[in-house]
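# Coordinates in review
Residues per chain, in single letters:
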Amino acid sequence: VFQIAILTPLTCPDVWPLDYPQCGGSKQSPINLESNDMYRLVVPEQLQWHGYWTRPRNLTLVNNGHTIQVSGSWGSRDLSPWISGGPLDGEYKFSQLHFHWGSDDSIGSEHTVSNVSFPMEMHLVHYKKAYGSQEEATKYEDGLAVVSFLFQTSDRPNPALNAIIPFMDAVVGAELEVTLSRPFPLEMLDISFPSDYVTYLGSLTTPPCSEVVTWIVSSRPLTISHSQLSKFRHLSSADGEMENNFRPVQPTNGRPVFYVS
Ligand code: 1SD
Ligand code: ZN
């Protein structure tokens, strides 16, 4: 009997724990956020955003087969954006941002709010500077901070997203990359430095699902039009559509979830 095992780890979250034991852990992400089941967190200082208005030397848009990812370089003096304060202890440097979305408006986000999904979610991944690199930081439970924004549809296009959407035509297929002709400060993406957010301790939402992430989910959804969403829905992975690249919600297992406002 010949058996050919084809591993498609990113499309079948149920089987991730077989190859990546941490994906079967007890502090996994995403989770459902339930507004009447949260504790108020009083933080010693507000979440601070640094350098988000600094124009990068260059910005690239990459179709990595699982998502569309934006990363940049801020030159030899390394003026990369970073965040601190809020639930974080120390300074967390920006590494990349990427998106999760669905094939129709009723699905797409990773986090849900009162069991309702949003059509898209954007993740800004940061790692703790003290650990030197993202790879090293991923070994420590306070290693990463991911700031997340949910999107709801709107009749009007979100002008901020037009900074990247026109470039998506160049990266429709997997493993394609484009350098943006006019790099822009990330602050232009309408991230608006939220002071109202939900925070809890969880994991990466893709293998190896390391339980090293302080999640910060903005309480204020951003907007996207249908024609903008359709650009995301046209992107391809190595073996087909890229849409529905979200992981289903995971049990909280009694983890406290906090809100800051
Ligand atoms: O899915 C991303 C993954 O692509 C990678 O960016 C990882 C960080 O190394 O983060 C996860 S996520 O948890 O931010 N979705
Ligand atoms: Zn993500």
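Computed from a predicted model, the values in this text were never measured in an experiment.

## Digging into the side chain of Gln 28
Structurally, Gln 28 is set in the loop between helix H1 (16-19) and strand S1 (32-33). The class of Gln 28 is buried, set by a relative accessible area of 2%. For Gln 28, the side chain forms a polar contact with the main-chain oxygen of Cys 209, separated by 3.1 Å. Aside from chain neighbours lying at most four places away, what touches Gln 28 is Gln 22, Cys 23, Ser 203, Cys 209, Glu 211, Arg 247, Gln 250 and Arg 255.

## Here we look at the packing of aromatic side chains
The full count for this structure, using the stated rule, is 10 aromatic pairs. Considering the side-chain rings of Trp 49 and Phe 193, the 5.3 Å spacing of their centres and the 40° angle between planes classify their relative orientation as tilted. One end of the pair, Trp 49, is in strand S3 (residues 48-50); the other, Phe 193, is in the loop between strand S11 (177-179) and strand S12 (197-202), with 144 residues separating them in the sequence. Overall, the relative accessible area of 28% leaves Phe 193 in the partly exposed class. Here Tyr 52 and Phe 193 contribute two aromatic rings whose centre-to-centre distance is 6.3 Å and whose plane-to-plane angle is 75°, an arrangement assigned as edge-to-face. Of this pair, Tyr 52 sits in the loop between S3 and strand S4 (58-63) while Phe 193 is found in the loop between S11 and S12, placing the two residues 141 residues apart along the sequence. Owing to a relative accessible area of 0%, Tyr 52 belongs among the buried residues under this scheme. Among the aromatic residues, those joined into a ring-pair cluster are Trp 49, Tyr 52, Trp 53, Trp 74, Phe 94 and Phe 193. The cationic tip of Lys 129 hangs over the ring face of Trp 82; the distance from NZ or CZ to the ring centre is 4.0 Å.

## As for the site of ligand 1
Taken together, Gln 96, His 98, His 100, Glu 110, His 123, Val 125, Gln 134, Leu 204, Thr 205, Thr 206 and Trp 215 make up the full set of residues adjacent to ligand 1. Here Gln 134 contributes a side-chain N or O atom positioned 2.9 Å from an oxygen atom of ligand 1. At 2.6 Å, a side-chain N or O of Thr 205 approaches a nitrogen atom of ligand 1. When the free accessible area of ligand 1 is taken as 360 Å², the share hidden by the protein chains comes to 86%. Contributions of two or more residues to the shell around ligand 1 are made by strand S7 (92-101) and strand S9 (120-128). Taken together, the residues that form the shell around ligand 1 break down as three nonpolar, seven polar and one charged.

What counts as what
Residues numbered from 1 in each chain as written. Chains lettered and ligands numbered in written order. Predicted model: local features only at pLDDT ≥ 70, side-chain atom pairs only at ≥ 80, totals over all residues. Heavy atoms only, no water. Helix = DSSP H or I, 4+ residues; strand = E, 2+ residues; numbered from the N terminus. Buried < 20%, exposed > 50% of the residue type's maximum accessible area, 1.4 Å probe, protein only. Polar contact = N/O pair within 3.5 Å; in protein donor to acceptor, adjacent residues only side chain to side chain. Contact = heavy atoms within 4.5 Å. Phe/Tyr/Trp six-rings, centres within 6.5 Å; stacked < 30°, edge-to-face > 60°. Lys NZ or Arg CZ within 6 Å of the ring centre and 35° of its normal. Near = heavy atom within 4 Å. Areas by Shrake-Rupley, 256 points an atom, 1.4 Å probe, with all protein chains shown as cover. Nonpolar A, V, L, I, M, F, W, Y, C, P; charged D, E, K, R; others polar.

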